[in-house]
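# Coordinates in review
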Amino acid sequence: MQLEILGRVRLSTDAGPVRLTELEHGLLASAALHGHVGVDTLAEWLWDGEPPSSVRNRVQSLVSGIRRKAGAELPVIVTEGRGYRLGEGVAVDLALWGDAVAEARALRPEDPVAALGRYDAALAVFGHEPLQGAPETAAVEVERNRLVQERLSVLEERHDAALRSGAHDGLVAELDALCARHPYHEGFVALFMLALAATGQQGRALEVFQEARARLDDELGVRPSDQLTEAQRIVLSGVPVGRRPEPLDDAIPAPEAPEHPSTPPAQPTVLGLPVPRTLPRRPDPFVGRVTELAEVRRAAEGLDDGPVVVAVTGLPGSGTSALALEAGHALRDLFPDGTLYHDGANSPGGVPVEAVVTSFLPLLGVHPEAVPASPRARAGLFRSLLDGRRVLVVLDNVTGGEDVTDLLPAGPGSMALVTSRRPVEGLGAGHRVRLRSLDPAAARTLLEALVGADRVAEAPDAVDDVVRLTGAVPLALRLAAARLSQRPDLGLDDVVERLERLGRTPGTDEIAVLRESLDELLEGLDATAQRCVAALAHLPADAFSGWVAGAVLGDPAAGDAALDAMLEASLVEPVVREDHDTQYRLHDLVRAQVRAGAARGAGAGTAAHPDTRRETEAAAAAALARSAAFLEDRPHRFLPVAPRSPELGTPEPRPRTRRRSRRFFRTETPLFVALARSVASQRPDLAWRLLDDCALGTDAASDLHAWFEAEAEVARALSGADDDSRLGAAHLLLCRAWLLQDRRSASREAHDLAEGARPRLLLLGAHGAAAAASLVSAQASTSLGRRDEAEAAIATAESSIGRVSDHTLAAWAAIARGTVHNDYDELSDAAREFTRAREILRDTPRTVAYALATLELSRARRRTGELGPATLLVDESLEILSGVGAVHMYSYALDARAEVSLAGGHATEALDEAGTALERASASRDAFLTARARRTRARALLALGRLGEAEAELRRAVEEFTALDRPLSVAFTYQVLAAALDAAGDAVGASEALRLEQTALRRATASRVAAPQRRSPGPA
């Protein structure tokens, strides 16, 4: 039996052709093409995806009809699994075609004469339009076009073999006819030119080239392919064309080596078909985006595993198109079969996807008259033409509402690069690249490349202002630079002045076109998201956490939805920092645009300035409710939490881990401080509590200066005579005192502030806070060498603690009393108090108070020569402090560890440990720890015999301790300096250092007549 599909579908037996229906012809054709067919496949093939309700029964009926009508001994079609295949006795012309083509291609490189015969035999089998008589469905149309394109490729190879074998008779006429039928098939045009040249018609050959180039440019907007330009070069060179030793395609020069030589240049996968290169030129200059380009390149590494789709999104003007073009040109060698490009921005109303497919098909070699009428068939043909080829499809400026699935490759080897402002629904991109603003260095480089180094050198400060005012958006920078190109009399300072008038006169500034795009983007959000953007744009801080969106809207679920919408529109960017929770920030241009729009509306009288005070206050209240949960389990708690007002709401759920709590305060402190200043005049009750919470989390905060500035502003707002204002003022005094003592070592000022806060707190019944004030006063007095004052303050604190039963404060009181004993060499009493503090906190050992008691007990043990217990205790303290994230106190413990190492005779280890503590103390601007770690480092240098370095460090430490008014610390440092000078042979200098030690000791013990004289290496 014989089945023909390369023409009219026909089944023939020994008795002659079998009369079959259209559906039966279609079923046999599908089996011939696909080998095995199932019901689902046939539903698309026979009924265009709309099969009858009983499709399985219908298919079985068709199979039965074919078998019955064929009436042969051997079955035409057999059942296999859940589908069907042709019987073994059925010969298909498609197989004859494939065998003949394979034989011809094998002979063509070495024996074009023999290959010519096999090509003619193959073309005799396939001489007409295939699949005639099959159903006119999209799937059939796609397969028909694929077969037609395959025949054209074989026909091109046949004529190339004829040209190379010298069989020129009738070749010119046949190629002329083919070019007339397929004017965009550059392979036929190239062969036509070579055939003309081979028969002595070089002039006509060059005319054919000029006509083809004009046709391609006018109708398709592309340049001639490498194959066509190579044919022109051969004609112009006068080299004989007949009997060339290699095929025409081998004459095409290989593409330049790629940037990464490990990836060899790919060769065209389908010979003879056009190789479109429609990508516009790459942007100049292109700056930055190294990481994003690397992401695209990494995505391309998966080409052999399947189709690759990369989605690039970003704010208008962020450079999505520039990145796509740069990546497309950089990856050119990976796509030897061409690059297709479509820019959606060229048509404001958008171009239907089927129209884009239609424009791509001729570029891939399909004659305009052969483009299928059905959109589904066109899409199927497009995917078929990409199948087995390596093509890059760049879809630029796609709108979010378009379904571009039909433009995406479906098989391995090809890649789509899609740019849009919002994520495109249904894209199925396996790789997503989100563009943000340029980093400052790249933005400066771009601006310098655009305006010239001379102009940048004239106003270097203005460069930073331009970058800031344009939000480091590439398009905004280019537009600003274009202004300077038009006006050589202007400088960057003039551009800054114009940009600072952000939108006051709509449409007149350099980046007005960008602002219009931003307005369109904002208007595309729903009303809730727009309200959220407006509130966030007026927040007093740049970065905000996800919960803030829900706070300003009064609905967490609505906040999440609004944040998702803003992320999709690239209006916000994630802020990722080490040891912080992820936050977000509105893009600078978006914030400026929203604020400017509000200001214009208010000024014009057409709309009131959006009053976002309510949203800001809502954010402040939500911040307090949220922080309350974290403060309940705070491992660093020293000051009591301020009482909450009932209307502030229920606290958020308790955090699960202390490390999460630490990250929360490290992340949120800048926003809390800014919110406190913003709401101080309207809601001082919220403002002072926010600052109080920040002080409790200050171990994780770094900008104390900002806190002190905010505290001064909020304190001025607490001028009322009501109890809450008075309580707030007293709490802020206490917080300032504690921060000055704990973080700045400003003991004298801290003592006075704490003493001022304590009676106010007592009058208001805040006994826990009053006890904390007494303990701050005691710590400051100890640092200043005022023992009597320190002990009196501790006694006062213990009296207040007895009224509130606060175990944490009781432990801090024991630590404070132990520190006094330790400073005055009463080591057994000191050890007793530190041990008592540990006992008080035995149920909550993972706290800073427990770690500090352990650390001070280690120091006491070291000073009594018990180095084993001292080592175990200091290591325990380091482990606790690391676990709870007490970065600041950890540096103190490192210094203590160095002292233990030094006492054990390990001077080298002590030098390293003290050096690390010194670096951390300097970074955190802790003056006391800096001086203390420097002294420990000097003692290690002394033990190592590096006397000159030791002396220099000790003299510097004396200056630092003196500036801090720490007489005990000064005394001990002079004692070590005397030892260093004595070891260096400077007896006079050593004697003077000892005299100065006694002077400092007398000052430190002036308040206690019978105070012992300190001679041991204490921790002061």
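Scroll up for the structure.
Residues numbered from 1 in each chain as written. Predicted model: local features only at pLDDT ≥ 70, side-chain atom pairs only at ≥ 80, totals over all residues. Heavy atoms only, no water.

## Overview of the overall build of the protein chain
Check the secondary structure of the protein chain and you find 42 helices and 15 strands. Among the 1020 residues that make up the protein chain, the fraction classed as buried is 55%. Of all intrachain contacts in the protein chain linking residues separated by at least 6 positions in sequence, the fraction that spans at least 24 positions is 69%. (Helix = DSSP H or I, 4+ residues; strand = E, 2+ residues; numbered from the N terminus. Buried < 20%, exposed > 50% of the residue type's maximum accessible area, 1.4 Å probe, protein only. Contact = heavy atoms within 4.5 Å.)

## Some details on the packing of aromatic side chains
Tallied over the full model, the rule gives eight aromatic pairs. Taking the centre distance of 5.0 Å and the plane angle of 80° together, the rings of W97 and F126 count as edge-to-face. Placement of the pair is W97 in helix 4 (residues 93-107) and F126 in the loop between helix 5 (112-125) and helix 6 (138-165), with a sequence separation of 29 residues. The residues W97 and F126 share a single accessibility class, namely buried. Both rings, one in F664 and one in F665, keep their centres 5.2 Å apart while their planes meet at 85°; by these two values the pair is edge-to-face. Here the two residues F664 and F665 agree in accessibility, since each one is buried. Here the aromatic cluster, defined as three or more aromatic residues joined through ring pairs, consists of F664, F665 and F672. If you follow R151 out to its NZ or CZ, it ends over the ring of F126, 5.8 Å from the centre. The ring of F928 has R966 sitting right over it, with the charged end atom 4.1 Å from the ring centre. (Phe/Tyr/Trp six-rings, centres within 6.5 Å; stacked < 30°, edge-to-face > 60°. Lys NZ or Arg CZ within 6 Å of the ring centre and 35° of its normal.)

## Digging into the environment of L981
The residue L981 is located in helix 41 (residues 967-983) in this model. Taking C-alpha positions, L981 is 7.9 Å from L947, a pair spaced 34 residues apart along the chain. For L981, the residues in contact, after removing those within four places along its chain, are E951, R955, D986, G989, A990 and A993.

## Thoughts on the sheet that holds strand 10 (residues 392-398)
Pairing in this open sheet of five strands is parallel, and the strands run 9-10-11-8-12 from one edge to the other. Each edge of the open sheet carries a strand with a single partner, namely strand 9 (339-343) and strand 12 (431-435). Adjacent strand axes in the sheet meet at a mean angle of 15° when their direction is disregarded. As paired strands, strand 8 (residues 308-314) and strand 11 (residues 415-420) are joined by six bridges and run parallel to one another. By the bridge assignment, A311 is partnered in strand 11 with V418. (Pairing = 2+ DSSP bridges. Axes fitted to C-alpha atoms, helices over the stretch in contact; angles between N-to-C directions.)

## Quick word on the pattern of salt bridges
It is possible for side chains of opposite charge to pair when their charged atoms get near one another. Taken as a whole, this structure holds 65 salt bridges when the rule is applied. Residue R233 is joined to E230 by a salt bridge in which the shortest nitrogen-to-oxygen separation is 2.5 Å. Within this pair, R233 and its partner E230 are both found in helix 10 (residues 226-237), separated by three residues, close to a single helical turn. For E230, a relative accessible area of 7% translates into the label buried. (Salt bridge = Lys/Arg side-chain N within 4 Å of Asp/Glu carboxyl O.)

## A closer look at the pairing of strand 8
Counting buried residues along strand 8, seven of its seven residues qualify, which places the element largely inside the surrounding structure. Side chains V308, V310, V312 and G314 project from strand 8 onto one buried face, and the interleaved V309, A311 and T313 project onto a second face that is buried too. Alignment of strand 8 against strand 12, held across five bridges, turns out to be parallel. Residue pairing across strands places A311 opposite R432, the latter belonging to strand 12.

## Things to note about the nonpolar core
By size, the foremost hydrophobic cluster in this structure holds 165 residues, and its most contacted members are V548, L571, V590, W707, V714, L734 and L761. If one sorts the elements of this core by residue count, helix 29 (residues 723-743) sits on top with eleven residues. Once you skip the residues sitting within four places of it in the chain, L571 turns out to touch L315, L521, L522, L525, V533, M566, R585, L586, H587 and V590. With 107 residues, the next largest nonpolar core counts Y84, Y119, V309 and A311 among its residues. (Core = buried A, V, L, I, M, F, W, Y, C linked by side-chain atoms within 4.5 Å.)

## With respect to unusual backbone geometry
Glycine aside, residues mostly have negative phi angles, and peptide bonds mostly take the trans form. Phi is positive for R289, close to 60°, though the residue is something other than glycine. Within the secondary structure, R289 sits in the loop between helix 10 and helix 11 (290-300). You can call R289 buried: its relative accessible area is 7%. With a phi angle near 55°, N397 is a residue other than glycine that sits in the positive phi range. Examined against the element boundaries, N397 turns out to sit in strand 10. On the basis of relative accessible area, N397 is assigned to the partly exposed category, the value being 26%.

## Some details on the environment of Y824
Mapped onto the secondary structure, Y824 falls in the loop between helix 33 (807-823) and helix 34 (827-840). Relative accessible area serves as the criterion here: at 3%, Y824 is assigned to the buried category. Taking the C-alpha atoms as reference points, Y824 and G785, 39 residues apart in sequence, are found 9.7 Å from one another.

## Details of the sheet that holds strand 3 (residues 16-18)
Read across the sheet, four strands follow the order 3-2-1-7 without closing on themselves; strand pairing throughout is mixed. Pairing within the sheet leaves two strands with one partner each, and these edge strands are strand 3 and strand 7 (91-92).

## A few points about the state of the cysteines
By the definition in use, this model includes zero disulfides. The thiol sulfur of C694 is not disulfide-bonded, and the nearest other cysteine sulfur, from C735, lies at 9.5 Å. (Disulfide = S-S within 2.5 Å.)

## Structural notes on the packing of helix 4 against helix 5
Two measures define how a pair of helices packs: the angle their axes make with one another and the distance between the axes. Taken N-terminus to C-terminus, the directions of helix 4 and helix 5 make an angle of 165°; their axes are 8 Å apart at the nearest point. As the angle between them shows, helix 4 and helix 5 are arranged roughly antiparallel. With respect to the hand of their crossing, helix 4 and helix 5 are arranged in left-handed fashion. Of the residues in helix 5, those touching helix 4 at D93, W97, A100, V101, E103, A104, R105 and L107 are P112, A114, A115, R118, Y119, A122, L123 and V125. Its residues placed into classes, the contact of helix 4 with helix 5 shows twelve nonpolar, no polar and four charged. (Parallel < 35°, antiparallel > 145°, perpendicular 65-115°, else oblique. Left-handed = near helix turned anticlockwise from the far one by under 90°. Nonpolar A, V, L, I, M, F, W, Y, C, P; charged D, E, K, R; others polar.)

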